[in-house]
Amino acid sequence: MEKYFKIAGWQALTLLDYPEHTACTLFCGGCNFKCPYCHNSEIIGGLCEYFDEEEIFSHIEKHRRMLDAVCISGGEPTVNSDLDRIMRRVKDMGLLVKLDTNGFRPDVIEKLLGEKLVDYIAMDIKNSLDRYAETTGLSPSTDFSPIKRSIELIMSSGVEYEFRTTVAAETFDDESMDGAARLVAGADKYYLQRFAMRPTVADKSLHAPDDATMARYLEISRRHVPNAEIRGE
């Protein structure tokens, strides 16, 4: 784990990251996955400048009346050992905390939930479990059971949550989409997000699925999560 919380980027105001709330978003450095479609690949390998925590929190305090919440994203926030301190600092300001996570560290998620430091949690579902290694860039021998544990923790926490899956044409087929949605069967919210190419994406060979494919994947997902939606369309 990182020895302190590295703020690799931030957005002073967002109306999108925390549903129905105005928020500031902090992007932490470091990640335990190597997803080929990652939009923030420049911040997960340490090839970026880090922002001064005090300057950012001074800005948040100055504009606190405009904000309801702080979203903590990445990279992967749970690889930072100082995450709980940052969250507590936000909560002490009277603001809500949203956590974005890949769910690979359920021990950290359980601790944060137990300490009531999270008001909203969004977890990425990368693929069906049998294709997680392919989609996350990890070894095929990796144990991905922590993903299921995190899903169980989140769904039973009583905290507002969502699951979401980024869909690239090369990373899914009907079977794997069914497997991904099956992981979060009965969830309150499940969103499919169509992959979009950006300059920071590592794998330039990836493509967005067409409309017909996205519609079919949504139909498949709704077998397990009836209120699943396509986000951003």
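Within every chain, residues take consecutive numbers counted from 1 along the sequence as written. Local features in a predicted model are, by the rule used here, given only for residues with pLDDT of at least 70; side-chain atom pairs are given and counted only at 80 or more, and totals for whole chains, interfaces and linings are based on all residues. Only hydrogens and water are set aside; all other atoms, that is, all heavy atoms of the structure, feed into the side-chain values.

Peer 1: Any chance you could explain the pattern of salt bridges here in plain terms?
Peer 2: For side chains of opposite charge, pairing can occur when their charged atoms come near one another. We count a salt bridge whenever a side-chain nitrogen from Lys or Arg sits within 4 Å of a carboxyl oxygen from Asp or Glu. As enumerated under the stated definition, the model contains 24 salt bridges in all. Across the pair Glu 53 and Arg 89 runs a salt bridge, and its minimum N-O distance is 2.6 Å. Pair noted here: Glu 53 is in helix 2 (residues 53–62) and Arg 89 is in helix 3 (residues 83–92), with a separation of 36 residues, a long-range link. Assessed through its relative accessible area of 15%, Glu 53 is described here as buried. Three exposure classes are used, based on accessible area relative to the maximum for each residue type with a 1.4 Å probe and protein chains only: buried under 20%, partly exposed in between, and exposed over 50%. The exposure class of Arg 89 is partly exposed, given its relative accessible area of 25%. A salt bridge links Arg 164 to Asp 100; the nearest nitrogen and oxygen atoms lie 3.6 Å apart. Of the two residues, Arg 164 sits in strand 6 (residues 160–167) while Asp 100 sits in strand 4 (residues 96–101), which places them 64 residues apart along the sequence. Strands are runs of DSSP state E lasting at least 2 residues, helices are runs of H or I lasting at least 4, and numbering of each runs from the N terminus.

Peer 1: I'm lost on the sheet that holds strand 1 (residues 7–14) in this one. Help?
Peer 2: Working definition: the strands of a sheet are paired by backbone hydrogen bonds and lie parallel or antiparallel to each other. Here, any two strands with at least 2 DSSP bridges between them count as paired. Strand order in the open sheet formed by eight strands is 1-2-3-4-5-6-7-8, and the pairing between neighbours is mixed. Two strands in the sheet have a free side with no partner beyond their single neighbour: strand 1 and strand 8 (229–231). Ignoring strand direction, the axes of neighbouring strands in this sheet form an average angle of 25 degrees. Note that strand 4 and strand 5 (residues 120–124) share four bridges and pair parallel. Of the residues in strand 5, the one forming a bridge with Lys 98 is Tyr 120. Contacts: residue pairs with any heavy atoms within 4.5 Å of one another. Orientation is described by lines fitted to C-alpha atoms, with helices fitted over the stretch in contact, and by angles between N-to-C directions that extend from 0 to 180 degrees. The strands touched by helix 8 (residues 211–221) are strand 6, strand 7 (190–194) and strand 8; relative to strand 7, the strand with the most contacts, the crossing angle is about 165 degrees.

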